[in-house]
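A structural walkthrough
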Amino acid sequence: MARRKLLSEAEIAARLAEVPRWTRMGSAIARSWEFEDFPEALAFINKVGALAEAANHHPDITNSWNKVTLSLTTHDRGGLTDLDFDLAKKIDAL
């Protein structure tokens, strides 16, 4: 349950340093990618979906042809928890 505890501002700042390509957006962190084409973007989304399902923690996903934006927040906690940063790290490793 500790992974679902809302993080303090200091904890968020420390965790953001671990995922430097992600940006704080209020109560979420977000990152965008650009791919060669729609099939490549969709393949990435499917890989993210598999990671999210395994973690039982699901991002908000926006796709516009070759551009994908992910936003992570722990909805039922109303903000950022370790779950968000753990999943961001796994996504970055794809």
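Read on for an overview of the structure.

Describing helix α3 (residues 82-92)
Residues spaced three or four apart along an α-helix point in a common direction, a consequence of the helix completing one turn every 3.6 residues. Regarding α3, the residues found buried are L83, D84, F85, L87, A88 and I91. Elements in contact with the buried residues of α3: α1 (9-18), β2 (28-34), α2 (38-55) and β4 (67-72).

Focus: the packing of aromatic side chains
One pass over the full model with this rule turns up three aromatic pairs. With a centroid separation of 4.8 Å and 45° between ring planes, the pair formed by W33 and F44 is classed as tilted. Pair noted here: W33 is in strand β2 and F44 is in helix α2, with a separation of 11 residues, a long-range link. Here F35 and F44 contribute two aromatic rings whose centre-to-centre distance is 5.1 Å and whose plane-to-plane angle is 40°, an arrangement assigned as tilted.

Looking at the sheet that holds β2
In spatial order, the strands read β1-β2-β4-β3; together these four strands make up an open sheet with antiparallel pairing. Looking at strand neighbours, the two that pair on one side only are β1 (23-25) and β3 (60-64), the edges of this open sheet. The mean inter-strand angle of the sheet, taken between neighbouring strand axes irrespective of direction, is 25°. Bridge count between β3 and β4: five bridges; the pairing is antiparallel. When the sheet's bridge partners are listed, D60 is paired in β4 with S71. Sitting on the sheet, α3 touches β2 and β4, and the angle it makes with β2 is about 10°.

Thresholds, definitions, all that
- Residues numbered from 1 in each chain as written.
- Predicted model: local features only at pLDDT ≥ 70, side-chain atom pairs only at ≥ 80, totals over all residues.
- Heavy atoms only, no water.
- Buried < 20%, exposed > 50% of the residue type's maximum accessible area, 1.4 Å probe, protein only.
- Helix = DSSP H or I, 4+ residues; strand = E, 2+ residues; numbered from the N terminus.
- Contact = heavy atoms within 4.5 Å.
- Phe/Tyr/Trp six-rings, centres within 6.5 Å; stacked < 30°, edge-to-face > 60°.
- Pairing = 2+ DSSP bridges.
- Axes fitted to C-alpha atoms, helices over the stretch in contact; angles between N-to-C directions.

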